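One-letter residues, chain by chain:
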Amino acid sequence: MAEILNINYEKFKLDNGLEVVLYEDKTIPIVTVNLWYKVGSANERKGKTGFAHLFEHMMFQGSKHIPKEKHFKYIQEAGGTLNGSTSFDRTNYYETLPADSLELALWLESDRMGFLLDALTQEKLDNQIGVVSNERRERYDNQPYGRAWELLFSNLFPENHPYHWPTIGWMEDILAFKLDDIKEFFHTYYSPNNASLVIAGDFDPERAKALIERYFGEFKPNGNIPEVSVPEFALEKNKTIIHKENVPLPKIYLAWKSDKLYGKDDAALDIISEVMSGSKNSRLFKSLVFEKQIAQDIGAFQFSAKYDGVFIIVATAKPDVSLDRIKEEIFSQIEILKNEGPEKKEIEKAKNVIKSTFIYSLEKLNSLADIINGYNCNLGEPNSFNYDLNRYYEADDRFIGQTIKKYFSQNYVELRIIPKEENDK
Amino acid sequence: MTNRENIPQPNGKIEFHLPEMERHFLDNGLKIVFIQNNKLPIVQLGMMVYAGSIHDPEGKNGLANLTSTMLDEGAGDLSALEFDEAVESLGSILNVSADDEKISVTMTTISENFEKSLSLFRDAIIFPRLEEKDFEREKRKAVTRILQLEQEPSYLAASGFQKVVFNGTNYAFQSSGKIETLETVGVEDVRSYHKEYFSPANATLFAVGDFQKADLISSLEQYFGKWEKEKVYKMKVCAPEKAGGEIYFIHRDDSPQTEIAMGHIVSGREIKNYFSRLTLNSILGGQFTSRINLNLREKRGITYGAHSSFSYNKNFGVFSVSTSVQDEHTKTAVDEIFKEIKNIKKEISNDELQFAKSSLIKRFPSQFETYSQLIGNMALVELFDLPKNYFNLYPERIKAVTLDDLYSVAQNDINEDLITAILVGNKNNLQKQFDEKLIELKL
C-alpha cells in the first residue's frame, strides 16, 4: 500500500520564487494545471472581508491580453473545465484540459498573475459585487441553517483572530468593496513567490518547464508579504447563541477550539470524529440516531486549517425533541469517552476507513493535483501521502484518550438554530 | 518580454482509446457490463434495479425510496449495526439510492477486499433483512427528512415543477414521497416491493476496476448465480398531458432570492435529435459562457448562476431552465430568459456553433476518468438501450450538427407558450412584480 501512495514528482523553483511541481500520469490524455496563491480570508481584516474570495471572481474577468469572459471561452473551446475555490488560508485556481492544451492554461494563468490590474475596472467590480452578493444569498442567507458556520466561527474566534469572519465575507463588506482596496490587496498577495503551481497528467516535462519559465519567469517577486498574526485565546466561559430563522427543526452546534492542520493532535482529533459519528456504530450516531432516535442526524468534525482548528458537533432534533435532551445525551457520550477512552477496535476501524480514503483520493487527476499542492504549501513536500497517513497510524489508544480529555474539558460555543415561532428549548 | 498577444495553439495529437465495455450474461439472465482498469487497486460495483419511484403504488409515494434505504439496514446473517461494521472494517463504501426509475446500490472497495465486499453487496441486494424495528426507524427518518426539505428552495422549485409539468404521470412525485403517503407504507409493502422488483431479469450489474475478466465472472457467478430468475419487468410507460403557459409561485418567508424552475416536456431521447439539442443547449444555457448565464450573471449581476438543459427519462424528455435570483429582480430574470429563448430561434452564429462543437468534442476524453463516470456511462447505454458503438460515434455525431439542425430543434422543440414557471419566494414581493395572475401552488 505504501508504494501506491509514493508518488514520483519533480520540484523546482523559478528565480522569482514561484514553486513548481510536475507529476506525470499518462493514463488518459488530459493535463491539469493547479495554482495555489497562499492568500485566503485569514489575510483580510475587519471591515474589509471577502477580498480573497472576490478575487476568485475577478480572476475570471479578463486581464491585459484576455478580454472579459474569454478566460472561460478559451478553456471551454479547448475542451477544458476550470474553477477556483477560496478557504481561510489559500485560493486555488485550476484548469483540466486535453493534453495538447497545456500552453493555453499557462498563458491564461500567467496573464492574470502578471496583468490582472491592467484590465480591472469599476464596471467589472460592480458586476461581480452583484454576483458575489447573490452567491452569498444563494449559498448562505437563503438556505436553512446556512449561516451556522459563520455564527460559530465569529463567536468562537475573537475579533482579532484571522478565522473570525467567513471566507465569502460579510454582506456589508461585499457591498462596499472599493477598487483601490482591491488593487492594493492584489499587489500584496498575488506574486509568484506567494504561489505554488502543480502540473499533473499527460505532458512532456521538458516542454512544460520551458513554458513555465517563459510565461511566469518575468514576473517580479514581492518582498513584503505580511505575516498573519494569530492571537492565543481560550474561552473564559461557555457561550450560547440562539438564532431564529425559517427552519423546520431545531439544530444544535457545539464548537471547541482544537488543533491546527498537521498540529500534533490533529490526526487524533480526526480519528475521534470518526469514532463519534463516522458510521452507524459510532458513539453519537448509534446512541442518538439509531437507538434513542432523538436526533435526525449527527456529525462530528475536526476542522483544521493552517493557523487554528475547531472541533464541531452538530445534531438536528427529531420533531418534539428538545435541544436540551440532545445536548444532554451528547455530553453523556463525551463523558464516557473521557472516562474510558475509545476501544482499540474502534480506533482500528477508523484507521482502516482513513486508509481507504487515501487510496480512493488518487482516482481523479484534478483532486490529486490539489492534494499534492496542499502538501507542497503546508508541508514543503509534495510527496507526503505516506507521511500524512502515518500520522493516523502513530496515534494510539492512549494518546487518543488523552486528546479527548484535553479538548473536551475546555469551554465551548453552543449555537442553537431554532424555528422562528419556538422558544429556546 | 514574453509575447502574450496570441492565443497558444494546441500542440501534438490527442490519442484517446475509449475503454472497452464488455458484456456477459450469468446463467440466470443477470446482465453484467464491465470495464477492466488495473491502474489502482480499486474495484467499484453498481447494481441498477429497475424499481424506481415511478413504480410506487398509488397513494404510497416514497415506497421505492424507503425500500432502498432498508437494503443496508441488516442483510444476510447480519443485523443493521453488524452489517455496517462489516462494511466499514473492510474500508469499503456502500451506497444505496433511489430515483424515479431505478434503485442503485454501489460498492467501492480496495481490490484485496473484493470478495468480502462482494458478499456484503450481494446480501444487501438479494437478502436484506427488512425487519420491522429497522423499518420504523427508517420511516421516521424519511418523514422527518421531508419536513427539512420543505424549507429548501431548490427542493420546493423542483417538486413544484414536477407536479405541474409531469402531471398525470408517476414522474409527478418526488422519490422521497410525501408525509401523508409515507405514513401509509408498512413493512409488508417494502417486503413485497422487494420481492416483486428485485430479480436478475430486472437489473443490470456494472463493474469497473482492478480485476481479471475470468476472475470477475467466476466471482459474480458464485455470488449472484443463484439469484432466482423471476418474471421480466418492463419500465412503466406513460406520457404527461401537454400543459403550460402559467406562472406559479410557492410562498417561502424571508427569501432574499427567488428560486426559479421553468420549462416543458419534449419528446424522448433519440439519436436523431439528441446531439442537436445538446449543442443548442450548450449555446443557450448549458455552460458558463452560454447566453442565459452571461446575461443574468455577467451582464446584470442578479444571480450566482443560471442553467438550462434537455434531460431525459425512459418515457419523455424535459427542457428546463433554473436559477436563483435576487428577489427584486425576479421579473427581469423571467423576462430575460424568455427573451433568450425567443432570440435563439432567430439567430445563432456560426462562431457559436463551432465553439459549442469544439467544447463538446474536445471534452469527451475527460468523461472517462473516474470509476463513477465509467459506471455512469455504461448505465446510460443500458438504460436507454443505446447502440454499442454509441460512444465511438459520439464525436462524429457532434461534428455533424449544422446550423439548420440547431434552428430546427430551437423552433420545434422549445415552445415559449408551453413553458410553465415555478417561483419560490416571498408572495408579496412576487405579486408586486408580476401584474398578470400568479397562481399559488400547494405541494
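Everything numeric in this text was worked out from a predicted model, so none of it was measured.

Each value, and the rule that gives it
Residues numbered from 1 in each chain as written. Chains lettered and ligands numbered in written order. Predicted model: local features only at pLDDT ≥ 70, side-chain atom pairs only at ≥ 80, totals over all residues. Heavy atoms only, no water. Helix = DSSP H or I, 4+ residues; strand = E, 2+ residues; numbered from the N terminus. Rg over C-alpha atoms; globule rule 2.2 N^0.38 Å. Buried < 20%, exposed > 50% of the residue type's maximum accessible area, 1.4 Å probe, protein only. Contact = heavy atoms within 4.5 Å. Areas by Shrake-Rupley, 256 points an atom, 1.4 Å probe, with all protein chains shown as cover. Lys, Arg positive; Asp, Glu negative; His and termini not counted. Charge placed at Lys NZ, Arg CZ, Asp CG, Glu CD. Core = buried A, V, L, I, M, F, W, Y, C linked by side-chain atoms within 4.5 Å. Domains from an automatic or database assignment. Buried area = accessible area lost by both parts, 1.4 Å probe. Pairing = 2+ DSSP bridges. Axes fitted to C-alpha atoms, helices over the stretch in contact; angles between N-to-C directions.

1. Here we look at the overall build of chain A
- Helices and strands together make up the secondary structure of chain A, namely 15 helices and 11 strands.
- Taking 425 residues into account, the globule formula puts the C-alpha radius of gyration at 22 Å, and chain A, at 23 Å, falls close to it.
- Summarising its shape, the C-alpha atoms of chain A cover approximately 60 × 50 × 40 Å along the three principal directions.
- Buried positions account for 65% of the 425 residues belonging to chain A.
- Long-range pairs, those at least 24 residues apart, make up 80% of the contacts in chain A between residues at least 6 apart in sequence.
- For chain A, the accessible area works out to roughly 15900 Å², and carbon and sulfur atoms hold 47% of it.
- Across chain A, the centroid of the 53 positively charged side chains sits 4 Å from that of the 66 negatively charged ones.

2. What about the nonpolar core?
- In this structure, Met276(A), Ile313(A), Ile326(A), Ile330(A), Met47(B), Phe121(B) and Phe224(B) are the most contacted members of the largest nonpolar core, which totals 201 residues.
- Sequence-distant contacts of Ile330(A), defined by excluding residues within four places in its chain, comprise Leu254(A), Leu284(A), Leu288(A), Ile298(A), Ile313(A) and Ala315(A).
- Phe51(A), Leu125(A), Ile174(A) and Phe177(A) belong to the second-largest nonpolar core, a separate cluster that totals 58 residues.

3. Let's talk about the domain arrangement of chain A
Residues and elements named next belong to chain A.
- By domain assignment, chain A separates into domain 1 (10-216) and domain 2 (239-419).
- Put simply, the middle of domain 1 and the middle of domain 2, counted by C-alpha atoms, are 29 Å apart.
- Counting residues at the interface gives 39 residues for domain 1 and 37 residues for domain 2.
- Of the roughly 3100 Å² buried at the junction of domain 1 and domain 2 (both faces included), carbon and sulfur atoms supply 70%.

4. Topic: the sheet that holds strand β2 (residues 31-36) of chain B
- Pairing is mixed in the open sheet, where six strands are placed in the order β1-β2-β6-β3-β5-β4 (chain B). Whereas interior strands pair on both sides, the edge strands pair on one side only; in this sheet they are β1 (22-25) and β4 (93-98) of chain B. Adjacent strand axes in the sheet meet at a mean angle of 15° when their direction is disregarded.
- Pairing geometry for β1(B) and β2(B), over four bridges, is antiparallel. Bridged to Arg23(B) within β2(B) is Val33(B).
- Along the sheet face, helix α12 (residues 344-360) of chain A touches β3 (42-49), β4 and β5 (103-110) of chain B and points at about 95° away from the line of β5(B).

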